Amino acid sequence: MTAKSAAAAARATVYGYPRQGQGRELKKAIEGYWKGRVTSDALRATAADLRRTNWLQLSDAGIHEVPTGDFSYYDHVLDTTVMVGAIPARHRAAVDADATDGYFAMARGTQDVAPLEMTKWFDTNYHYLVPELGPDTAFTADSAKQVAEFEEARALGLTARPVLVGPVTYLLLAKAAPGVAADFDPLLLLDRLLPVYAEVLADLRAAGAEWVQVDEPALVQDRTPAELGAAERAYRDLGSLTDRPRMLVASYFDRLGDALPVLAKAPVEGLALDFTEAAAANLDALAAVGGLPGKRLVAGVVNGRNVWVNDLEKSLSTLGTLLGLADRVDVSASSSLLHVPLDAAAERDIEPQILRWLAFAKQKTHEVVTLAKGIAHGTDAIAAELAANRADLASRANSPITHDPAVRARAAGVTEADARRSQPYGERTPAQRARLGLPLLPTTTIGSFPQTDELRTARADLRAGRIDKAGYEERVKAEIQEVIAFQEKAGIDVLVHGEAERNDMVQYFAEQLTGYLATQHGWVQSYGTRYVRPPVLAGDISRPEPMTVRWTTYAQSLTGRPVKGMLTGPVTMLAWSFVRDDQPLGDTARQVALALRDEVGDLEAAGTSVIQVDEPALRETLPLRTADRVGYLAWATDAFRLTTAGVRPDTQIHTHMCYAEFGDIVQAIDDLDADVISLEAARSHMQVARELAVHGYPREAGPGVYDIHSPRVPSSEETAELLRAGLRAIPAERLWVNPDCGLKTRAWAETRASLENLVEAARTVRAELSGS
Ligand code: GLN
Ligand code: ZN
């Protein structure tokens, strides 16, 4: 291989593309189908249209090989479950009766049958449906979708590359089926699964596929020798098949680490690696194995999951280094573009100058094509693009939006003492107890109360100009009155105002902070037909004025009981936004923390005695590689403490996290130095409480006793039973009584009944305690 021939061959590609369409046509068609308003033929036609539009757009933009099979009605892991025939027994009949309806039954469940569990796709905000496997799982190949979509693209005269979830990643993402021992290792099924992949590969070859892309993102996580051995076996077996397309094994989201030498040695024809954040590590590892002689290297140099314009010169330099390391070097985004919105050009409310800093899927595609052209034909061929890119990067770097001297000076002046409360936990609790005067096992809720149709209508009316701001606020106040009156009557001890004014726990704050941008069309798939529009954290963050104080003080004016102030924490503000990439995350988190710290201070000054700072995202943004976790947890806990540590000893700081599995971050949770934490626990029968106890967690905790993910009303006896289980792990002086999470998705009737039962359960157990 020579660098020169590798350069001349350089081409542009992407691993996958947003599915929804510019007007979210797919969402509308699928939801219409569920409601019986769209026929299955019409649904299929919409889907085929969207695929065609995407492929033609990609190919017109200069993408050489378009991805196929990445499209999905719901989720690509569920599609893989169908492809390998791993249909759970409880869904078999529905799938046999009607493939489409059966597919949606697996995704969403039916009246009688539970859906597959859903969880996060690596460290993104996309959710996949977890395969359920067991020793009895029998795989069968169903290549119909893959073959059909490949043929659709071919019929348009395009070069297409089918995209599969790889067998190792598929098994590593799976869990034990219901009824199977929880410690069942799905990887044991590899030998049974590989022949099915072989069949699919043969079918794709027969259909004319030259290349397939086999995605193995699970290999960028820490893997045991056994898991690496499985990867080695998988690609040795699949690689030695004669009747197959050439294979490009794709990795993304992080560095390949120990898996790189395994794949480099495997008899496959290509590797795709992430050269964004993982660039240095992947480059070193690649050099250490002597490059990829005889192989195709696809270099993900354009970040596939942020929204920022690429630094083309930097990417060209990375590509330049790579050219000597493989036979052919192609250019791509670092991951599927599924994780970014479709087209920045659709944004009308963002200043044109700032819009030029943004790159969504369409713009990223263009960047990839430009880079491939620059490699193949020399930088002169892309001189105009390079000049424009330089200007855009300079405008971003020098903008007062990204560099607010006041924000920077304040952040630079933060001392360690700012992030430390004036008294340690043990000393300040008596002051809080004296101030709050709460009973044993105090009852509270997580913050939100049902978002009623009236509230949604009020917001729509405000947007449409049918009511003015004052009219809207009257409706919010009416809601707060109802929420406070109900809680008083039910006998809850620490009240909330109900969050009626909030559309979303991140967006609400983003809209009020300087430095955030909102998009009109920046939709990305969260799961199935649910799309979210994350705000864009573009600049230095400051808080022009208080954001929540008037609502909390209004609520407090209606009652003598304490009303909790309610804020979204800095880590969650970052996790559920598109975050700037021009400074370390920790610096951005510190700015957000300082803005929130002012809000905490204002709440306290207004008389608020309990303030909750929610961090449901703390666990989910944990880096994929263990080695990176320490650094992350350090800035994350610092930011939380900076937000909360300025309060008086007798002001009680609460935090909330939804996650059930957090054994690996208990220390970090303790380091937050919050006084009280509420957590999800009802479904796991207080498992969390036992984990806290095992770790010697010293603070007050409210493991949830009411599962809010279902409309079911738990009886007071059942709730009391959970409380008693909680008491076996956490002493009564430190145990709180609360639901698992916020109530915004619930209806009022079930909320009322469940909370009344919760209060009754607390009273029952208190009586038992004073009797004993
Ligand atoms: N305070 C928020 C609520 O109750 C917390 C939501 C969450 O944890 N995701 O809605
Ligand atoms: Zn929650």
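Above this note sits the structure.
As the structure is a prediction and not an experimental result, all values here were calculated from the model.

Caption draft 1: Layout of the site of ligand 1. The local shell around ligand 1 holds 13 residues, among which S448, E499, D614, H656 and G742 are the closest. I446 is positioned with one of its backbone polar atoms (N or O) 3.1 Å from a nitrogen atom of ligand 1. In the environment of ligand 1, a nitrogen atom lies 2.8 Å from a nitrogen or oxygen atom belonging to the side chain of E499. Taking 300 Å² as the accessible area of ligand 1 by itself, protein coverage stands at 94%. Split by residue class, the shell around ligand 1 holds six nonpolar, four polar and three charged.

Caption draft 2: Broad picture of empty space enclosed by the protein. Here the structure, examined in full by the defined rule, presents four cavities of 30 Å³ or more. Its boundaries defined by the atoms lining it, the largest cavity holds a volume of some 90 Å³. In this structure, the largest cavity is lined by Y17, P18, R19, L50, R51, N54, W55, L58, P67, D70 and F71. It is helix α3 (residues 40–61) that contributes the most residues to the lining of the largest cavity, five residues altogether. Here the residues of the lining of the largest cavity sort into seven nonpolar, one polar and three charged. Considered as a void within the structure, the second largest cavity measures approximately 60 Å³ in volume. Lining the second largest cavity are Q20, G21, Q22, R24, L342, D343, H521 and W523. When its residues are assigned to classes, the lining of the second largest cavity shows two nonpolar, four polar and two charged.

Caption draft 3: How the structure looks around the pattern of salt bridges. With the rule as written, the count across this model stands at 59 salt bridges. Its salt-bridge partner being R625, residue D222 comes within 3.1 Å of it at the nearest N-O pair. Of this pair, D222 sits in the loop between β7 (211–215) and α10 (225–239) while R625 sits in the loop between β18 (610–614) and α25 (629–644), and the two are 403 residues apart along the sequence. By relative accessible area, which is 36% here, D222 ends up partly exposed. Residue classification places R625 among the buried positions, given a relative accessible area of 7%. Between R420 and E416 there is a salt bridge, and its shortest N-O distance comes to 3.7 Å.

Caption draft 4: Broad picture of the side chain of R24. As for its placement among the helices and strands, R24 is situated in the loop between α1 (3–8) and α2 (25–34). In this view, R24 contacts W523 and Y531; residues no more than four positions away in its chain are not counted.

The rules behind each value
Residues numbered from 1 in each chain as written. Chains lettered and ligands numbered in written order. Predicted model: local features only at pLDDT ≥ 70, side-chain atom pairs only at ≥ 80, totals over all residues. Heavy atoms only, no water. Near = heavy atom within 4 Å. Polar contact = N/O pair within 3.5 Å; in protein donor to acceptor, adjacent residues only side chain to side chain. Areas by Shrake-Rupley, 256 points an atom, 1.4 Å probe, with all protein chains shown as cover. Nonpolar A, V, L, I, M, F, W, Y, C, P; charged D, E, K, R; others polar. 1 Å grid on protein atoms, 1.4 Å probe; cavity = no way out; pocket = protein on both sides within 12 Å on 5 of 7 lines; lining within 4 Å. Points joined across faces, edges and corners; volume = space filled by probe spheres on them. Helix = DSSP H or I, 4+ residues; strand = E, 2+ residues; numbered from the N terminus. Salt bridge = Lys/Arg side-chain N within 4 Å of Asp/Glu carboxyl O. Buried < 20%, exposed > 50% of the residue type's maximum accessible area, 1.4 Å probe, protein only. Contact = heavy atoms within 4.5 Å.

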